[in-house]
Amino acid sequence: MYPQLACKIRLYPDRIILSKAGREVSFRIQGQTPEQARPEQARPKQAHPEQVGNMLPKLFALMDGTQSLDELHQRLCFSNALETHALEAIIQTLDEQGFLTDASLKEASLTSSPLMTVQDLSTFARALLSKDRQGSQLWSLLRPSLPASAIAGQMPEQVMAQTREQQTHVLHGFAVESYHLLASSFCFQPSGLTFQSSAACRQLVASLYHQASTQAERWFTALSALGLSHADIEETLPLPSTIGLCHGLAFWASFDALFYIVILGSLTERIYGDFERYLVACETFNLTPSFIEPIQQLFTPALKRAQTELLNHDFHEMAPLDAETSQRFIGQIYLLADMLDGFQTAIVNHYSTMPHLLRRVSAI
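Given the structure is predicted, the values throughout are model-derived calculations rather than measurements.

Draft legend 1. Broad picture of the overall build of the protein chain. Assigned secondary structure in the protein chain consists of 15 helices and 5 strands. Burial status across the protein chain gives 46% buried among its 364 residues. Restricting to contacts in the protein chain with at least 6 residues of sequence separation, those with at least 24 account for 75%. As displayed, the protein chain offers around 18100 Å² of accessible surface, 54% of which is attributable to carbon and sulfur atoms.

What follows is the structure in C-alpha coordinates.
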(Lines give C-alpha, C1' and ligand atoms only; values in the text may rest on other atoms or scores of the structure.)
Protein backbone atom coordinates (compact mmCIF):
# COMPACT_ATOMS: atom_id res chain seq x y z
CA MET A 1 0.00 0.00 0.00
CA TYR A 2 1.13 3.53 -0.86
CA PRO A 3 -0.96 5.76 1.46
CA GLN A 4 -2.03 9.09 0.03
CA LEU A 5 -4.03 11.61 2.06
CA ALA A 6 -7.30 12.62 0.40
CA CYS A 7 -8.50 15.22 2.88
CA LYS A 8 -7.82 18.71 4.20
CA ILE A 9 -5.21 19.28 6.90
CA ARG A 10 -5.31 21.99 9.56
CA LEU A 11 -2.21 22.34 11.72
CA TYR A 12 -2.47 23.88 15.20
CA PRO A 13 0.21 24.27 17.89
CA ASP A 14 -1.02 21.26 19.85
CA ARG A 15 -2.91 19.15 17.31
CA ILE A 16 -3.55 18.28 13.67
CA ILE A 17 -7.11 18.06 12.38
CA LEU A 18 -7.90 16.16 9.19
CA SER A 19 -11.30 16.81 7.65
CA LYS A 20 -13.38 15.72 4.66
CA ALA A 21 -17.08 16.09 3.84
CA GLY A 22 -17.98 17.26 7.33
CA ARG A 23 -16.01 14.49 9.12
CA GLU A 24 -12.97 15.24 11.27
CA VAL A 25 -10.19 13.28 12.96
CA SER A 26 -7.98 15.04 15.49
CA PHE A 27 -4.44 14.04 16.54
CA ARG A 28 -2.53 15.65 19.38
CA ILE A 29 1.07 16.42 18.42
CA GLN A 30 2.51 17.38 21.79
CA GLY A 31 2.80 15.05 24.74
CA GLN A 32 1.12 12.17 22.89
CA THR A 33 2.24 8.60 23.37
CA PRO A 34 1.92 5.97 20.66
CA GLU A 35 -1.12 4.44 22.32
CA GLN A 36 -2.85 7.87 22.40
CA ALA A 37 -2.35 8.25 18.68
CA ARG A 38 -4.63 5.30 18.08
CA PRO A 39 -8.34 4.73 18.51
CA GLU A 40 -9.35 3.38 21.91
CA GLN A 41 -9.95 -0.17 20.76
CA ALA A 42 -6.43 -0.36 19.30
CA ARG A 43 -4.53 0.87 22.38
CA PRO A 44 -2.30 -1.58 24.26
CA LYS A 45 -2.91 -2.36 27.87
CA GLN A 46 0.45 -0.91 28.94
CA ALA A 47 1.65 2.61 28.21
CA HIS A 48 4.95 3.29 26.48
CA PRO A 49 7.18 6.25 27.32
CA GLU A 50 8.25 7.13 23.79
CA GLN A 51 6.15 9.67 21.93
CA VAL A 52 5.07 9.74 18.29
CA GLY A 53 2.92 12.87 18.40
CA ASN A 54 5.69 15.18 17.24
CA MET A 55 6.34 12.91 14.25
CA LEU A 56 2.79 13.20 12.91
CA PRO A 57 3.46 16.36 10.82
CA LYS A 58 6.32 14.56 9.08
CA LEU A 59 4.21 11.42 8.68
CA PHE A 60 1.33 13.27 7.01
CA ALA A 61 3.76 15.19 4.79
CA LEU A 62 5.21 11.88 3.56
CA MET A 63 1.77 10.39 2.84
CA ASP A 64 1.66 11.71 -0.72
CA GLY A 65 1.32 8.35 -2.45
CA THR A 66 5.03 7.99 -3.25
CA GLN A 67 6.02 6.08 -0.10
CA SER A 68 5.04 2.52 0.77
CA LEU A 69 4.21 1.52 4.34
CA ASP A 70 7.67 -0.05 4.74
CA GLU A 71 9.30 3.13 3.43
CA LEU A 72 7.32 5.21 5.90
CA HIS A 73 8.60 3.00 8.73
CA GLN A 74 12.18 3.50 7.55
CA ARG A 75 11.87 7.25 6.99
CA LEU A 76 10.36 7.80 10.44
CA CYS A 77 12.85 5.44 12.11
CA PHE A 78 10.19 3.53 14.03
CA SER A 79 12.23 0.95 15.88
CA ASN A 80 9.81 -0.91 18.14
CA ALA A 81 6.57 -2.81 17.85
CA LEU A 82 4.52 -0.25 19.74
CA GLU A 83 5.44 2.58 17.36
CA THR A 84 4.81 0.28 14.41
CA HIS A 85 1.35 -0.60 15.71
CA ALA A 86 0.63 3.11 16.29
CA LEU A 87 1.47 3.93 12.66
CA GLU A 88 -0.70 1.07 11.39
CA ALA A 89 -3.59 2.14 13.64
CA ILE A 90 -3.38 5.74 12.41
CA ILE A 91 -3.48 4.58 8.80
CA GLN A 92 -6.34 2.20 9.55
CA THR A 93 -8.33 5.01 11.21
CA LEU A 94 -7.79 7.34 8.25
CA ASP A 95 -8.66 4.60 5.78
CA GLU A 96 -11.91 3.79 7.62
CA GLN A 97 -12.87 7.48 7.55
CA GLY A 98 -12.23 7.67 3.80
CA PHE A 99 -9.31 10.05 4.29
CA LEU A 100 -6.83 7.82 2.41
CA THR A 101 -6.40 6.45 -1.05
CA ASP A 102 -3.97 3.77 -2.15
CA ALA A 103 -1.82 5.34 -4.84
CA SER A 104 -0.57 1.93 -5.93
CA LEU A 105 -4.09 0.91 -6.99
CA LYS A 106 -4.52 4.11 -8.96
CA GLU A 107 -1.15 3.57 -10.64
CA ALA A 108 -2.01 -0.03 -11.42
CA SER A 109 -5.28 0.98 -13.04
CA LEU A 110 -3.48 3.54 -15.16
CA THR A 111 -0.60 1.34 -16.20
CA SER A 112 -2.98 -1.49 -17.09
CA SER A 113 -4.48 0.86 -19.67
CA PRO A 114 -1.65 3.31 -20.40
CA LEU A 115 -3.34 5.04 -23.29
CA MET A 116 -6.37 6.67 -21.71
CA THR A 117 -8.38 8.83 -24.04
CA VAL A 118 -9.36 12.44 -23.46
CA GLN A 119 -12.96 11.28 -23.84
CA ASP A 120 -12.51 8.86 -20.91
CA LEU A 121 -11.26 11.65 -18.66
CA SER A 122 -14.05 13.99 -19.74
CA THR A 123 -16.58 11.29 -18.82
CA PHE A 124 -14.85 10.71 -15.48
CA ALA A 125 -14.88 14.44 -14.70
CA ARG A 126 -18.60 14.66 -15.37
CA ALA A 127 -19.34 11.62 -13.22
CA LEU A 128 -17.35 12.99 -10.27
CA LEU A 129 -18.49 16.61 -10.44
CA SER A 130 -22.15 15.71 -10.94
CA LYS A 131 -22.41 13.50 -7.84
CA ASP A 132 -25.50 14.30 -5.80
CA ARG A 133 -24.64 16.64 -2.94
CA GLN A 134 -28.03 16.93 -1.27
CA GLY A 135 -26.39 16.07 2.04
CA SER A 136 -23.75 18.80 1.83
CA GLN A 137 -23.53 21.46 4.49
CA LEU A 138 -24.96 24.16 2.22
CA TRP A 139 -27.99 22.30 0.92
CA SER A 140 -28.70 20.76 4.32
CA LEU A 141 -28.91 24.25 5.81
CA LEU A 142 -31.16 25.47 3.01
CA ARG A 143 -33.72 22.69 3.24
CA PRO A 144 -37.15 24.31 3.61
CA SER A 145 -38.35 21.76 6.17
CA LEU A 146 -38.04 22.74 9.82
CA PRO A 147 -36.68 20.48 12.59
CA ALA A 148 -39.14 18.06 14.18
CA SER A 149 -39.07 20.11 17.38
CA ALA A 150 -40.37 23.11 15.46
CA ILE A 151 -43.15 21.11 13.84
CA ALA A 152 -44.16 19.80 17.26
CA GLY A 153 -44.30 23.34 18.60
CA GLN A 154 -41.32 22.79 20.89
CA MET A 155 -38.99 25.30 19.24
CA PRO A 156 -39.43 28.91 20.39
CA GLU A 157 -40.57 31.32 17.69
CA GLN A 158 -37.52 33.45 18.32
CA VAL A 159 -35.22 30.51 17.54
CA MET A 160 -37.19 29.71 14.39
CA ALA A 161 -36.87 33.33 13.29
CA GLN A 162 -33.12 33.24 13.89
CA THR A 163 -32.84 30.08 11.80
CA ARG A 164 -34.70 31.69 8.90
CA GLU A 165 -32.55 34.81 9.22
CA GLN A 166 -29.42 32.69 9.11
CA GLN A 167 -30.61 30.83 6.01
CA THR A 168 -31.46 34.10 4.26
CA HIS A 169 -28.04 35.52 5.12
CA VAL A 170 -26.36 32.45 3.61
CA LEU A 171 -28.44 32.84 0.43
CA HIS A 172 -27.34 36.46 0.13
CA GLY A 173 -23.73 35.46 0.81
CA PHE A 174 -23.91 32.83 -1.92
CA ALA A 175 -24.86 35.62 -4.34
CA VAL A 176 -21.86 37.73 -3.26
CA GLU A 177 -19.39 34.88 -3.79
CA SER A 178 -21.00 33.80 -7.08
CA TYR A 179 -20.64 37.35 -8.37
CA HIS A 180 -16.92 37.30 -7.53
CA LEU A 181 -16.51 33.90 -9.19
CA LEU A 182 -18.11 34.94 -12.48
CA ALA A 183 -16.58 38.43 -12.42
CA SER A 184 -13.15 36.77 -12.26
CA SER A 185 -13.78 34.54 -15.27
CA PHE A 186 -11.84 36.99 -17.46
CA CYS A 187 -8.72 35.55 -15.76
CA PHE A 188 -9.25 32.06 -17.12
CA GLN A 189 -11.76 31.95 -19.98
CA PRO A 190 -9.61 33.81 -22.58
CA SER A 191 -6.87 31.16 -22.41
CA GLY A 192 -9.25 28.64 -23.95
CA LEU A 193 -9.71 30.93 -26.94
CA THR A 194 -6.21 29.99 -28.16
CA PHE A 195 -6.63 26.23 -27.73
CA GLN A 196 -5.14 24.82 -30.93
CA SER A 197 -6.29 21.19 -30.84
CA SER A 198 -9.95 21.83 -31.61
CA ALA A 199 -11.61 24.72 -33.43
CA ALA A 200 -15.01 23.56 -32.13
CA CYS A 201 -13.77 23.82 -28.51
CA ARG A 202 -12.47 27.34 -29.16
CA GLN A 203 -15.87 28.41 -30.45
CA LEU A 204 -17.66 26.97 -27.40
CA VAL A 205 -15.23 28.62 -24.99
CA ALA A 206 -15.71 31.91 -26.85
CA SER A 207 -19.47 31.59 -26.41
CA LEU A 208 -19.09 31.07 -22.66
CA TYR A 209 -16.56 33.89 -22.36
CA HIS A 210 -18.79 36.44 -24.08
CA GLN A 211 -21.60 35.60 -21.68
CA ALA A 212 -19.47 35.72 -18.52
CA SER A 213 -19.59 39.49 -17.99
CA THR A 214 -23.36 39.48 -18.55
CA GLN A 215 -23.76 36.68 -16.01
CA ALA A 216 -21.72 38.59 -13.42
CA GLU A 217 -23.76 41.72 -14.02
CA ARG A 218 -26.97 39.81 -13.36
CA TRP A 219 -25.60 38.71 -10.01
CA PHE A 220 -24.76 42.34 -9.27
CA THR A 221 -28.28 43.40 -10.23
CA ALA A 222 -29.61 40.91 -7.69
CA LEU A 223 -27.23 42.30 -5.06
CA SER A 224 -28.27 45.85 -5.84
CA ALA A 225 -31.77 44.84 -4.70
CA LEU A 226 -30.16 44.50 -1.26
CA GLY A 227 -28.98 48.10 -1.41
CA LEU A 228 -25.41 47.37 -2.55
CA SER A 229 -23.59 49.59 -5.04
CA HIS A 230 -20.65 48.98 -7.38
CA ALA A 231 -18.45 50.83 -4.86
CA ASP A 232 -19.58 48.44 -2.13
CA ILE A 233 -18.77 45.37 -4.21
CA GLU A 234 -15.42 46.71 -5.40
CA GLU A 235 -14.38 47.18 -1.78
CA THR A 236 -15.36 43.61 -0.94
CA LEU A 237 -12.84 40.83 -0.44
CA PRO A 238 -14.07 37.37 -1.55
CA LEU A 239 -13.71 34.42 0.79
CA PRO A 240 -10.34 32.59 0.56
CA SER A 241 -12.04 29.52 -0.93
CA THR A 242 -13.52 31.67 -3.71
CA ILE A 243 -10.12 33.22 -4.43
CA GLY A 244 -8.53 29.77 -4.40
CA LEU A 245 -11.07 28.40 -6.89
CA CYS A 246 -10.52 31.37 -9.22
CA HIS A 247 -6.72 31.04 -8.99
CA GLY A 248 -6.89 27.30 -9.62
CA LEU A 249 -9.00 27.71 -12.74
CA ALA A 250 -6.78 30.56 -13.96
CA PHE A 251 -3.68 28.41 -13.49
CA TRP A 252 -5.11 25.43 -15.35
CA ALA A 253 -6.43 27.60 -18.16
CA SER A 254 -3.05 29.28 -18.60
CA PHE A 255 -0.65 26.36 -18.11
CA ASP A 256 -2.73 23.21 -18.66
CA ALA A 257 -5.13 24.17 -21.44
CA LEU A 258 -6.06 20.61 -22.41
CA PHE A 259 -7.09 19.78 -18.84
CA TYR A 260 -9.09 23.01 -18.66
CA ILE A 261 -10.96 22.17 -21.86
CA VAL A 262 -11.61 18.61 -20.64
CA ILE A 263 -13.28 19.77 -17.41
CA LEU A 264 -14.95 22.95 -18.67
CA GLY A 265 -18.23 21.31 -19.73
CA SER A 266 -18.57 19.37 -16.47
CA LEU A 267 -17.54 22.44 -14.46
CA THR A 268 -20.15 24.60 -16.14
CA GLU A 269 -22.81 21.93 -15.63
CA ARG A 270 -21.93 21.69 -11.92
CA ILE A 271 -21.87 25.45 -11.30
CA TYR A 272 -25.10 26.21 -13.12
CA GLY A 273 -26.76 23.13 -11.64
CA ASP A 274 -25.95 24.59 -8.22
CA PHE A 275 -27.29 27.95 -9.38
CA GLU A 276 -30.60 26.29 -10.32
CA ARG A 277 -30.81 24.58 -6.94
CA TYR A 278 -29.96 27.89 -5.29
CA LEU A 279 -32.74 29.64 -7.21
CA VAL A 280 -35.25 27.08 -5.95
CA ALA A 281 -34.09 27.81 -2.38
CA CYS A 282 -34.52 31.56 -2.93
CA GLU A 283 -38.07 31.04 -4.16
CA THR A 284 -38.81 28.65 -1.29
CA PHE A 285 -37.70 31.19 1.30
CA ASN A 286 -39.70 33.94 -0.45
CA LEU A 287 -36.83 36.31 -1.13
CA THR A 288 -37.83 39.55 -2.82
CA PRO A 289 -38.69 39.33 -6.55
CA SER A 290 -36.20 42.12 -7.32
CA PHE A 291 -33.46 39.82 -6.01
CA ILE A 292 -34.69 36.61 -7.64
CA GLU A 293 -35.59 37.87 -11.13
CA PRO A 294 -32.02 38.74 -12.29
CA ILE A 295 -30.86 35.28 -11.17
CA GLN A 296 -33.63 33.66 -13.20
CA GLN A 297 -32.16 35.40 -16.26
CA LEU A 298 -28.86 33.54 -15.85
CA PHE A 299 -30.20 30.51 -17.69
CA THR A 300 -30.24 31.71 -21.30
CA PRO A 301 -30.74 29.42 -24.31
CA ALA A 302 -27.27 30.36 -25.59
CA LEU A 303 -25.66 29.32 -22.31
CA LYS A 304 -27.57 26.04 -22.22
CA ARG A 305 -26.63 25.31 -25.82
CA ALA A 306 -22.90 25.97 -25.24
CA GLN A 307 -22.94 23.89 -22.05
CA THR A 308 -24.68 20.97 -23.78
CA GLU A 309 -22.31 21.07 -26.75
CA LEU A 310 -19.27 21.09 -24.45
CA LEU A 311 -20.60 18.12 -22.51
CA ASN A 312 -21.34 16.20 -25.70
CA HIS A 313 -18.16 17.23 -27.50
CA ASP A 314 -16.41 14.27 -29.09
CA PHE A 315 -12.79 14.20 -27.90
CA HIS A 316 -11.99 10.98 -29.77
CA GLU A 317 -10.18 13.02 -32.41
CA MET A 318 -7.46 13.84 -29.88
CA ALA A 319 -4.49 11.57 -29.29
CA PRO A 320 -4.62 9.25 -26.23
CA LEU A 321 -2.82 10.40 -23.10
CA ASP A 322 0.08 8.57 -21.49
CA ALA A 323 -0.26 7.09 -17.99
CA GLU A 324 1.55 9.94 -16.22
CA THR A 325 -0.63 12.64 -17.79
CA SER A 326 -3.79 10.62 -17.15
CA GLN A 327 -2.87 10.21 -13.48
CA ARG A 328 -2.17 13.92 -13.15
CA PHE A 329 -5.51 14.80 -14.75
CA ILE A 330 -7.38 12.42 -12.44
CA GLY A 331 -5.72 13.97 -9.39
CA GLN A 332 -6.60 17.45 -10.59
CA ILE A 333 -10.23 16.47 -11.17
CA TYR A 334 -10.43 15.25 -7.56
CA LEU A 335 -8.81 18.51 -6.45
CA LEU A 336 -11.35 20.54 -8.44
CA ALA A 337 -14.23 18.63 -6.82
CA ASP A 338 -12.79 19.41 -3.38
CA MET A 339 -12.37 23.09 -4.29
CA LEU A 340 -16.00 23.34 -5.40
CA ASP A 341 -17.17 21.67 -2.20
CA GLY A 342 -14.91 23.99 -0.20
CA PHE A 343 -16.40 27.00 -1.99
CA GLN A 344 -19.86 26.09 -0.71
CA THR A 345 -18.78 24.99 2.76
CA ALA A 346 -16.93 28.28 3.32
CA ILE A 347 -20.07 30.21 2.37
CA VAL A 348 -22.04 28.39 5.08
CA ASN A 349 -19.31 28.70 7.71
CA HIS A 350 -18.83 32.42 7.13
CA TYR A 351 -22.25 33.82 6.30
CA SER A 352 -24.13 31.76 8.87
CA THR A 353 -22.09 33.31 11.67
CA MET A 354 -21.14 36.82 10.52
CA PRO A 355 -23.69 39.64 10.90
CA HIS A 356 -22.28 41.69 8.01
CA LEU A 357 -22.79 40.63 4.40
CA LEU A 358 -19.62 42.17 2.97
CA ARG A 359 -16.01 41.57 3.93
CA ARG A 360 -14.82 45.12 3.35
CA VAL A 361 -11.12 45.66 2.72
CA SER A 362 -11.24 48.82 4.83
CA ALA A 363 -12.41 46.78 7.82
CA ILE A 364 -9.50 44.32 7.72
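From this point, things continue past the structure.
Draft legend 2. Representation of the pattern of salt bridges within the structure. Following the criterion strictly, the structure yields 7 salt bridges and no others. In this structure, the salt-bridge partner of glutamate 269 is arginine 126, at a minimum N-O distance of 3.0 Å. Residue glutamate 269 is found in helix H12 (residues 257-284), and its partner arginine 126 is found in helix H5 (residues 118-129); the two are separated by 143 residues along the sequence. On the basis of relative accessibility, which here comes to 22%, the residue glutamate 269 falls in the partly exposed class. The closest approach of N and O atoms between aspartate 232 and arginine 360, which form a salt bridge, is 3.3 Å. Residue aspartate 232 is found in helix H10 (residues 230-234), and its partner arginine 360 is found in the segment after helix H15 (323-351); the two are separated by 128 residues along the sequence. Assessed through its relative accessible area of 29%, arginine 360 is described here as partly exposed. Shared partners join several salt bridges into a network, and the residues in it are Asp232, Glu235 and Arg360.

Draft legend 3. Highlighting the environment of glutamine 307. Counting through the fold element by element, glutamine 307 comes out in helix H14 (residues 301-311). With relative accessibility at 8%, the residue glutamine 307 sits in the buried group. Sequence-wise, glutamine 307 and serine 266 are 41 residues apart; in three dimensions their C-alpha atoms are separated by 8.4 Å. Once you skip the residues sitting within four places of it in the chain, glutamine 307 turns out to touch Thr268, Glu269 and Tyr272.

Draft legend 4. Highlighting empty space enclosed by the protein. Applying the stated criterion across every chain yields a total of 4 cavities of 30 Å³ or more. Space inside the second largest cavity adds up to approximately 70 Å³. Those elements that place two or more of their residues in the lining of the second largest cavity are helix H8 (157-183), H12 and H15. Of the residues assigned to the lining of the second largest cavity, the class counts are 6 nonpolar, 1 polar and 2 charged.

Draft legend 5. Focus on the packing of aromatic side chains. Summed over the entire model, instances satisfying the criterion amount to 14 aromatic pairs. When the ring of tyrosine 272 is compared with that of phenylalanine 275, the centres are 5.1 Å apart and the planes differ by 80 degrees; the resulting orientation is edge-to-face. Of the two residues, tyrosine 272 and phenylalanine 275 are both situated in helix H12; the distance of 3 residues between them amounts to about one turn of the helix. For the pair shown, tyrosine 272 and phenylalanine 275 are each scored as buried. Through a chain of ring-to-ring contacts, three or more aromatic side chains come together here, namely Phe174, Trp219, Tyr272, Phe275, Tyr278, Phe299 and Phe343.

Draft legend 6. View of the packing of H5 against H12. Between H5 and H12, the least distance of the axes is 9 Å, while the angle of their chain directions is 30 degrees. Comparing the axis directions of H5 and H12 gives the class roughly parallel. Judged by the sense of rotation from one axis to the other, the crossing of H5 with H12 is right-handed. Counted together, Val118, Leu121, Ser122, Ala125, Arg126 and Leu129 of H5 and Leu258, Val262, Ile263, Ser266, Leu267, Glu269 and Arg270 of H12 form the full contact between these two elements.

Draft legend 7. Structural detail: helix H11 (residues 240-255). When the terminal C-alpha atoms of H11 are compared, their 22 Å separation across 16 residues agrees well with the 22 Å that a helix rising 1.5 Å per residue should span. Of the positions making up H11, those classed as buried are Thr242, Leu245, Cys246, Gly248, Leu249, Ala250, Trp252 and Ala253.

Draft legend 8. Main features of the side chain of histidine 172. Note that histidine 172 resides in helix H8. Since its relative accessible area comes to 15%, histidine 172 is described here as buried.

Draft legend 9. Fine view of the side chain of arginine 270. Positionally, arginine 270 belongs in helix H12. Looking at arginine 270, its side chain comes within polar contact range of the side chain of aspartate 274, at 2.9 Å. Side chain to side chain, arginine 270 and aspartate 341 meet in a polar contact 3.1 Å long.

About the criteria used
Residues numbered from 1 in each chain as written. Predicted model: local features only at pLDDT ≥ 70, side-chain atom pairs only at ≥ 80, totals over all residues. Heavy atoms only, no water. Helix = DSSP H or I, 4+ residues; strand = E, 2+ residues; numbered from the N terminus. Buried < 20%, exposed > 50% of the residue type's maximum accessible area, 1.4 Å probe, protein only. Contact = heavy atoms within 4.5 Å. Areas by Shrake-Rupley, 256 points an atom, 1.4 Å probe, with all protein chains shown as cover. Salt bridge = Lys/Arg side-chain N within 4 Å of Asp/Glu carboxyl O. 1 Å grid on protein atoms, 1.4 Å probe; cavity = no way out; pocket = protein on both sides within 12 Å on 5 of 7 lines; lining within 4 Å. Points joined across faces, edges and corners; volume = space filled by probe spheres on them. Nonpolar A, V, L, I, M, F, W, Y, C, P; charged D, E, K, R; others polar. Phe/Tyr/Trp six-rings, centres within 6.5 Å; stacked < 30°, edge-to-face > 60°. Axes fitted to C-alpha atoms, helices over the stretch in contact; angles between N-to-C directions. Parallel < 35°, antiparallel > 145°, perpendicular 65-115°, else oblique. Left-handed = near helix turned anticlockwise from the far one by under 90°. Expected span 1.5 Å × (residues − 1). Polar contact = N/O pair within 3.5 Å; in protein donor to acceptor, adjacent residues only side chain to side chain.

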